[in-house]
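Summary of the model geometry
Chain by chain, the residues:
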Amino acid sequence: MAKAEKLLPEWHLELRTSGRSVQLRIGAGTQIMAMSVAVLVAGFVGLGTANVVSDELREDQAARTQMARMAAQVEALKADSEALQGQVKTTAERIEARQRFLDALLSGSVRNRDLAELLPPAGRGRLSEAAAKEAGVLAPFARLEAQQLALVDKASATAETRLRDMQTLLRRLGLDQSRFLAQSSPRQAGGLGLGGPLIPMGGNGAGGADPRFAELYVNWQRLSQLEEAMASIPAFRPVERYTLTSGYGFRYDPFTGGGAQHAGLDMAGTHGEPIRATAAGRVVRAERFGAYGLAIDIDHGRGIMTRYAHLSRMDVRVGDEVAIGQKIGAMGSTGRSTGTHLHYEIRVDGRPVNPRPFLDAANYILAMQQGPGDSGL
């Protein structure tokens, strides 16, 4: 402090107030304190100015950060928009592919290999309701897809029901369904091991077919084959008005009186009564044939044949293609016969079977001969 007093001489100040004069003496210590206060105040003022500048810098940095964040959000929205567009396109393509397949399947306009080529590929799952709701624009697609899959479920259920009914009918007639189904090796279809009709995978790439649609395809093809095969099963009555005079199997022979095996049904009626083909097929016999008299044999395919004997007239020739219900001749009593009647046989692989179950199930067989397009879908 002594050094300071030498460097800082004493200050003399005169203050005048209300006509009075007051003399003040400010020593070196007071001066130092005053200057210290002045420096401190100046420091605070400088600090305040620095804070203002710092706040401006922070505000500018915050604005820059916000702009960067907004730019990132814009890029994200663009990416989401592009992804949404891609999802819309993918969903639309999936629905369109499925619709082409369903139209072809249910209309019956495309069959077998060509239909298999239309199978929707695997790896394209259904659009979830949550995703559709979130996207908004995809909601109509989700509804349409739900309707498509409901139709697939209905078609599958219809095919399964009709298959069971037809299998029951074939068992009732004593026929094996394998006679009517094309044979092929088991083949993978969209991850499902499926037997029955062959499913070409070439058109769908390595991913194969959508399993749900592949299963429908296989069942529908089996159903179509069985329904087409039903055309080979005798279902039409060979004569409209008749009296059954002798059944199939053991009987007493009308000529010898002894026991004998009767290979068909004897259906008595009026001479000249029209005789009709009980199923579509090709005439393989039309001639006088021993004890059968004038007889017609019709090959219906799949090892099934019908014979019409003791006719008075034949209206077809060998090689003729006949339709179900077509008139082929007239009732008579030619050959080994005791009176006017039709001897009617059904043969499977050359062996006679009882025609009675076929006649009893005639209406049911005719209904089964309708294709899958008539299933009400």
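Residues numbered from 1 in each chain as written. Predicted model: local features only at pLDDT ≥ 70, side-chain atom pairs only at ≥ 80, totals over all residues. Heavy atoms only, no water.

Brief notes about the pattern of salt bridges
Summed over all chains, the structure comprises 14 salt bridges. When the shortest N-O distance is used, the salt bridge between R212 and D153 registers 2.9 Å. Highlighted residues: R212 in helix α6 (residues 211-229) and D153 in helix α5 (residues 139-172), separated in sequence by 59 residues. Relative accessible area serves as the criterion here: at 39%, D153 is assigned to the partly exposed category. Notably, a salt bridge pairs R285 with E287, separated by 2.7 Å at the nearest N-O pair. Within this structure, R285, E287, D297, R307, E345 and R347 form a network of salt bridges that share partners. (Salt bridge = Lys/Arg side-chain N within 4 Å of Asp/Glu carboxyl O. Helix = DSSP H or I, 4+ residues; strand = E, 2+ residues; numbered from the N terminus. Buried < 20%, exposed > 50% of the residue type's maximum accessible area, 1.4 Å probe, protein only.)

Looking at the pairing of strand β12 (residues 304-314)
When you tally the buried positions in β12, you get 8 out of 11 residues, the bulk of the element. By the bridge criterion, 6 bridges tie strand β11 (residues 294-301) to β12 in an arrangement that is antiparallel. Note that in β12 the partner of I296 across the bridge is Y308. What sits between β11 and β12 in their antiparallel hairpin is a turn of 2 residues, with R302 showing a positive phi close to 60°. In this sheet, strand β15 (residues 341-348) lies alongside β12 in antiparallel orientation, the contact comprising 6 bridges. Paired with I304 across the strands is V348, a residue of β15. As paired strands, β12 and strand β14 (residues 327-331) are joined by 3 bridges and run antiparallel to one another. (Pairing = 2+ DSSP bridges.)

Quick notes on α6
An ideal rise of 1.5 Å per residue puts 27 Å on 19 residues; α6 measures up with 27 Å between its terminal C-alpha atoms. Buried residues dominate α6, accounting for 15 of its 19 residues. (Expected span 1.5 Å × (residues − 1).)

Observations concerning the confidence of the model for the chain
Caution applies to low-pLDDT parts of the model: their predicted coordinates are not meant to be read in detail. Chain-level pLDDT for the chain is 73 on average; 60% of the residues reach the 70-or-more range. Counting contacts from residues 1-8, a segment whose pLDDT is below 50, to residues more than four positions away or on other chains yields 9 contacts. (pLDDT = per-residue confidence, 0-100. Contact = heavy atoms within 4.5 Å.)

What about the nonpolar core?
Formed by 60 residues in total, the largest nonpolar core has its most connected members in F101, I233, I296, Y308 and I328. Among the elements that take part in this core, α6 stands out by supplying 9 residues, more than any other. Sequence-distant contacts of F101, defined by excluding residues within four places in its chain, comprise L115, L118, L119, P120, F213, L216 and Y217. (Core = buried A, V, L, I, M, F, W, Y, C linked by side-chain atoms within 4.5 Å.)

Brief notes about a nonpolar patch on the surface
A surface patch of nonpolar side chains, amounting to about 210 Å² of accessible area, comprises F236, I324 and L366. With respect to the secondary-structure elements, F236 resides in the loop between α6 and β5 (243-246). Note on F236: relative accessible area 31%, which makes it partly exposed. (Patch = residues over 30% accessible without salt bridge, like charges linked within 9 Å, V, L, I, M, F, W, Y side chains within 5 Å. Areas by Shrake-Rupley, 256 points an atom, 1.4 Å probe, with all protein chains shown as cover.)

Points about the environment of D349
With respect to the helices and strands, the residue D349 is situated in the loop between β15 and β16 (351-353). What makes D349 partly exposed here is its relative accessible area of 44%. If sequence neighbours within four positions are ignored, D349 has contacts with R179 and G303.

Notes on the environment of T270
By the element assignment, T270 lies in the loop between β8 (265-268) and β9 (274-276). In sequence terms T270 and R241 are 29 residues apart; their C-alpha atoms lie 8.3 Å from each other. Look past the residues within four positions of T270 in its chain and what remains in contact with it is M331 and T340.

Let's talk about the packing of aromatic side chains
Following the criterion strictly, the structure yields 3 aromatic pairs and no others. Plain terms: the ring middles of F101 and F213 are 5.8 Å apart, the flat faces sit at 70° to each other, and that makes the pair edge-to-face. Residue F101 is found in helix α2 (residues 28-107), and its partner F213 is found in helix α6; the two are separated by 112 residues along the sequence. Here F101 and F213 have matching classes, each one buried. Seen in terms of ring centroids, Y308 and Y344 are 5.6 Å apart; in terms of plane orientation they differ by 40°. Their pairing is tilted. Of this pair, Y308 sits in strand β12 while Y344 sits in strand β15; the two residues are 36 residues apart in sequence, bridging distant segments of the chain. Here Y308 matches Y344 in class, with each residue buried. Geometry around F289 places R285 over its ring, the cationic atom sitting 3.7 Å from the centre. The side chain of R307 reaches across the aromatic face of Y292, ending 4.7 Å from its centre. (Phe/Tyr/Trp six-rings, centres within 6.5 Å; stacked < 30°, edge-to-face > 60°. Lys NZ or Arg CZ within 6 Å of the ring centre and 35° of its normal.)

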